Amino acid sequence: MKARRRGFSAHESTAPGSTEWYTPPDAYDALGLDFDLDPCSPGKHVVPWSPAHKHLTKVEDGLTSAWKGSAFVNPPYLIRTNLKWMVRFVEHGYGIALMSSRTDNAWFHYVADAAHATLFTKGRIKFITPGWKTKDVGGAGSIFFAMGERHVHALVRYHSIRGGWLKKGNQK
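One structure accompanies this document, and this report is about it. (Residues numbered from 1 in each chain as written. Predicted model: local features only at pLDDT ≥ 70, side-chain atom pairs only at ≥ 80, totals over all residues. Heavy atoms only, no water.)

**Topic: the overall build of the chain**
Here is the rule we go by: Helix numbers and strand numbers start at the N terminus; a helix is a DSSP run of H or I with at least 4 residues, a strand a run of E with at least 2. Partly exposed describes any residue whose relative accessible area lies between the buried limit of under 20% and the exposed limit of over 50%, with all areas from a 1.4 Å probe on protein chains only and scaled to the type maximum. Any pair of residues with heavy atoms lying within 4.5 Å of one another is described as a contacting pair.
Scanning the chain from terminus to terminus reveals four helices and nine strands. Along the chain, from the amino end to the carboxyl end, the secondary structure elements read α-β-β-β-α-β-α-β-β-β-β-α-β. Residues counted as buried form 47% of the 172 residues belonging to the chain. For the chain, contacts bridging at least 24 residues in sequence account for 65% of all contacts bridging at least 6.

**Re unusual backbone geometry**
If you check the backbone angles, Asp 61 has positive phi at about 55° while not being a glycine. Within the fold, Asp 61 resides in the loop between strand E2 (52-55) and strand E3 (71-73).

**Overview of the packing of helix H2 (residues 79-92) against helix H3 (residues 106-114)**
Applicable threshold: Structural elements are reduced to axes, namely lines fitted to C-alpha atoms, with helices fitted over the stretch in contact, and the angle between N-to-C directions of any two is expressed from 0 to 180 degrees. For classification purposes, angles smaller than 35 degrees are called roughly parallel, those larger than 145 roughly antiparallel, those between 65 and 115 roughly perpendicular, and all remaining angles oblique. Rotating anticlockwise by less than a right angle from the far helix to the near helix defines a left-handed crossing, while the corresponding clockwise rotation defines a right-handed one. Ten residues, namely Ala, Val, Leu, Ile, Met, Phe, Trp, Tyr, Cys and Pro, are considered nonpolar, four, namely Asp, Glu, Lys and Arg, are considered charged, and the remaining ones, Gly among them, are considered polar.
Contact pair H2 / H3: the axes reach a minimum separation of 9 Å and the direction vectors enclose 10°. It follows that H2 is roughly parallel to H3 by the angle criterion. You can see that H2 and H3 cross each other, and the crossing is left-handed. Between H2, through Asn 82, Leu 83, Met 86, Val 87, Phe 89 and Val 90, and H3, the contact on the second element is made entirely by Trp 107, Tyr 110, Val 111 and Ala 114. Split into classes, the residues belonging to the contact of H2 with H3 amount to nine nonpolar, one polar and no charged.

Below is the structure:
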């Protein structure tokens, strides 16, 4: 087998297109939880299916605003801000984060070392982009991180319904 085939590459650009990938209703359904906060929301009017009670948009700047309760974190897919969002998630210590499974990035190792559970999804999540189009994440699958026992149970539930690879640990 050749090391490189036509159409395949070790590196895929994430620059073109939208950085906003809205979590679809079926992913929330598989988790089976409501959340107190979505600090990365485009707004409840854009994602009315979101089970978050409070939505922080770009205007409220969810990265620097106060977080209370259970957080669902699916930030814009921007390499320059991923680490900031994951540091904030780990510092908060209670919720679920959904990211692109870019295991070669510093943020991945930071949050994976701290998370109480990690779930690599089986197959690609069909995200919703602005304009209401469903789309696979280009270049990588998805990964959930859980902080707090309630959220670990949600990843176990997701795994039992949709499959994937689940690792529990680091619970304090």
